[in-house]
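# Structural characterization, general
These are the residues of each chain, in order.
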Amino acid sequence: MHIVITGSLGNIGKPLTQDLLQQGHTVTVISSNPDKQQAIEQLGAIAAIGQLEDVNFLTETLRGTAALFAMEPPNFSAPDHIVYYKTIANSYVAAAKATGLKRIVHLSSWGAHLEKGTGFITGSYHAEQIINALEGVSVTHLRAGSFYTNLYSFADMIKHAGFIGTNYGGEDKVVMVHPRDIATVAAVELTKKESELVRYVASTDITASAAASAIGAAIGKPDLQWITLSDEEVTKALLERGMAPTFVTPMVELGAAIHSGAMRSDYDLHPPHTMGKTSIEEFAKEFSAVY
């Protein structure tokens, strides 16, 4: 079958493309970066270079396609993240209607059941609602946990401050997932004609302290701590680093939702039947190699 992948050759897109090609499917990879065309074609996939906001481009790319892996690529510079998510989701809907697409697997997030109070994840909530309005299309939202790879952003803090500090931490439990494990689930879902509307995807459900211990053990800092700072402290620190308020406000709100447990309230009712294969200890080795 012919499957279209969005997200270029990112942490999910590349292993997903490889999995599908190995299964014998025809794969088109959408990328906004012309420099990615050669790498896409070297994998054996078809490159489609264009913008997801361009409905005409997306419509032409989806013609004759059996399934679409749809995501809203991160764009932290967007002046309004909700508008950005809505724009991409509406583009998917318009192209699906124009082409008669029958299957969409959409990358969403834990916490996407909440209309407000989750920072950037409110964009996923709105994207889900927009895509759900499609008729005659089988939709599955993959509500993924926090990416293990997000932990790379703490490397400098660990080096210079000697700890991880956010407005959640300690015994707060965080649902985490390796992008490869998302790709594995997505490959299965894309080849189904229909499936459940929401599927949570996680590799581990772990306290922040336990995650810090695993990372610390791998980098030679066995006493590494993940401490909880106040919303005000995190806001001040991010602003002092020169980050825009349009980034800082939703980032702090997201952390607060993890700290309060709001992010996981629906996950706890519908946890995945099977966790991903990549443990925090295995990822810690990858972290160490980069660190």
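In what follows, the structure referred to is the one given above.
The structure contained in this document is the topic of the report that follows.

Core analysis: the largest hydrophobic core is formed by 33 residues, its most contacted members being Leu151, Ile158, Met176, Ile215, Trp226, Ile280 and Phe287. Where this core is concerned, the elements lending two or more residues are helix H6 (155-161), strand E9 (173-177), helix H8 (208-219), helix H10 (245-260) and helix H11 (280-290). Not counting chain neighbours up to four residues away, the residues in contact with Met176 comprise Ser146, Tyr148, Leu151, Ala202, Ser203, Thr204, Ile206, Ala211, Trp226 and Ile280.

Ordered in space as E7-E9-E11, the three strands form an open sheet in which the pairing is mixed. For this open sheet the edge positions go to strand E7 (146-147) and strand E11 (204-207), each flanked by a neighbour on one side alone. Running over the sheet, H8 touches E9 and E11 and is turned about 95° from E11.

Here we come to the sheet that holds strand E3 (residues 46-49). The seven strands lie next to each other as E3-E2-E1-E4-E5-E6-E10, forming an open sheet whose pairing is parallel. Each edge of the open sheet is held by one strand with a lone partner, namely E3 and strand E10 (198-201). Each strand axis lies, on average, 20° off the axis of its neighbour in the sheet, ignoring direction. Here strand E5 (residues 103-109) pairs with strand E6 (residues 138-144) via seven bridges, running parallel. Looking at E6, one finds that Val105 is bridged to Thr140. Against the sheet, helix H5 (residues 121-132) touches E5 and E6, its axis set at about 160° to E5.

Rules and cut-offs
- Residues numbered from 1 in each chain as written.
- Predicted model: local features only at pLDDT ≥ 70, side-chain atom pairs only at ≥ 80, totals over all residues.
- Heavy atoms only, no water.
- Core = buried A, V, L, I, M, F, W, Y, C linked by side-chain atoms within 4.5 Å.
- Buried < 20%, exposed > 50% of the residue type's maximum accessible area, 1.4 Å probe, protein only.
- Helix = DSSP H or I, 4+ residues; strand = E, 2+ residues; numbered from the N terminus.
- Contact = heavy atoms within 4.5 Å.
- Pairing = 2+ DSSP bridges.
- Axes fitted to C-alpha atoms, helices over the stretch in contact; angles between N-to-C directions.

By themselves these figures say nothing about function.
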